[in-house]
Amino acid sequence: MMPRGSRIVVTGGAGFIGSHLCDALLARGHEVECVDTLVGSGGTTRNVDHLLSDRRFSLVVDDVRDWAPRADLVGVEAVFHLAASKNSVSLADPELDLDVNALGTLRVAHAAARGGVRKLVHSSTGSVIGETPETHEDASPTRPVSYYGVSKLAGESYVRVIGDLSGTDTTVLRYYHVIGPRQDDSERGGVLPIFVRRGLAGQPLVIDGDGGQTRSFTSVHDAVRANLIAFQRPETRGRTFHCASSLRVSITSLAEEVLALTGSRAGLDYGPRRPGDIRHFAVDNAPLRSLGLTFDRDWRRMVADVVEAMTGRSVAA
């Protein structure tokens, strides 16, 4: 167990998952430095505004590629590296995606090793495995089918190698379609808040492909708990975990639930399949469950939570 009052750095801490992680770390008595460009929150501090008055919390607005080479992490107990380029960014600018997800991760991992940081928890994605009929397991072969998957796999590899060379305790968490309040609802954001925004505006929900593709929607609160387990449990050292609820929900089912909860009659529009989009995921989360993480499988309640956060009113799931 990490002692209360430990100094913690969270890159991407003003983003979706990162801001919830900052909440949890502060609630446990730690000092938290959040490093973020604010790109994921539209250039605003909205996700961490409620933390700015806490003297144990500090916000550094910077790009990790620039911040890491000059960062002094001596005395920092753990670094949670969540700063990343999104899949949508990789389609528009694959070189930027590579630069942020590979070079940025390399520099953060070097900074952690240089400062003698005890624990580095790196956030990755199930997209590193690619399209396969096999269940995604921690030791599954990696053959990404998107620029995003390639760049995130490079980041994982740098974390593993630097951990081996420096002795830094590292853990990789691969996320699968994390949902919850505070997720970006811009066109580069998550599918659920985009659907909710369009439903509330009376606009059709646009689906890439036929809508039959399935996703393992996972609560942001479970993703946070996975991070806490990663640095609290010594048996996570040097390991990679798949952080997914193991739900299998189609995009059409998700869209229909959003239409029902928002009261929208705008309907659904189907478009071309997005390049590199993986149709189905089957995920083995047994290793994380064996460490005490119980995944929330009520995806309709997760959707309702997002609708409530975006509208400020209660809805029945």
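Every value quoted in this text rests on a predicted model; they were computed, and no experiment measured them.

What counts as what
Residues numbered from 1 in each chain as written. Predicted model: local features only at pLDDT ≥ 70, side-chain atom pairs only at ≥ 80, totals over all residues. Heavy atoms only, no water. Helix = DSSP H or I, 4+ residues; strand = E, 2+ residues; numbered from the N terminus. Expected span 1.5 Å × (residues − 1). Buried < 20%, exposed > 50% of the residue type's maximum accessible area, 1.4 Å probe, protein only. Polar contact = N/O pair within 3.5 Å; in protein donor to acceptor, adjacent residues only side chain to side chain. 1 Å grid on protein atoms, 1.4 Å probe; cavity = no way out; pocket = protein on both sides within 12 Å on 5 of 7 lines; lining within 4 Å. Points joined across faces, edges and corners; volume = space filled by probe spheres on them. Nonpolar A, V, L, I, M, F, W, Y, C, P; charged D, E, K, R; others polar. Pairing = 2+ DSSP bridges. Disulfide = S-S within 2.5 Å.

Undergrad: Whenever I open this one, helix α7 (residues 220–232) confuses me. Can you help?
TA: Note on helix geometry: an α-helix contains 3.6 residues per turn, so any two residues three or four positions apart are oriented the same way. Compared with an ideal rise of 1.5 Å per residue, which puts 13 residues at 18 Å, α7 spans 19 Å between its outermost C-alpha atoms and is within 8% of the ideal. With 10 of its 13 residues buried, α7 lies for the most part within the structure. When we look at burial in α7, the residues that qualify are Val220, Asp222, Ala223, Val224, Ala226, Asn227, Leu228, Ile229, Ala230 and Phe231. In this structure serine 219 caps α7, since a side-chain oxygen of it lies 3.1 Å from the backbone nitrogen of histidine 221.

Undergrad: Explain the layout of surface pockets here, please?
TA: Taking a probe equal in size to a water molecule and rolling it over the atoms shows the remaining empty space. One number sums up the size of the second largest pocket: a volume of about 320 Å³. As for the second largest pocket, its lining consists of 19 residues, and the residues nearest its centre are Glu156, Arg160, Val172, Gly238 and Thr240. Broken down by secondary-structure element, the contributors of at least two residues to the lining of the second largest pocket are α5 (147–166), β6 (169–175) and β11 (239–243). Broken down by element, the lining of the second largest pocket gets its largest block of residues, seven residues, from α5. Taken together, the residues that form the lining of the second largest pocket break down as three nonpolar, eight polar and eight charged.

Undergrad: What exactly am I supposed to notice about the pairing of strand β5 (residues 119–125) here?
TA: The side chains of a regular strand alternate between both faces of the sheet. Burial analysis of β5 places seven of its seven residues in the buried class, which makes it a mostly covered element. What you see with β5 is no split at all: Lys119, Val121, Ser123 and Thr125 on one side and Leu120, His122 and Ser124 on the other are buried throughout. Note that strand β4 (residues 78–81) and β5 share four bridges and pair parallel. When the bridges of β5 are listed, phenylalanine 80 appears paired with valine 121. Pairing geometry for β5 and β6, over seven bridges, is parallel. Within β6, the position partnered with serine 123 by the bridge is leucine 173.

Undergrad: Looking at this model, I keep getting lost on the state of the cysteines. Mind explaining?
TA: Structurally, a disulfide amounts to a covalent bond that connects the sulfur atoms of two cysteines. If you walk through the whole model with that rule in mind, you get zero disulfides. Here cysteine 22 is not disulfide-linked; the sulfur of cysteine 34 is the nearest cysteine sulfur, at 4.8 Å. Judged by its relative accessible area of 0%, cysteine 22 is buried.

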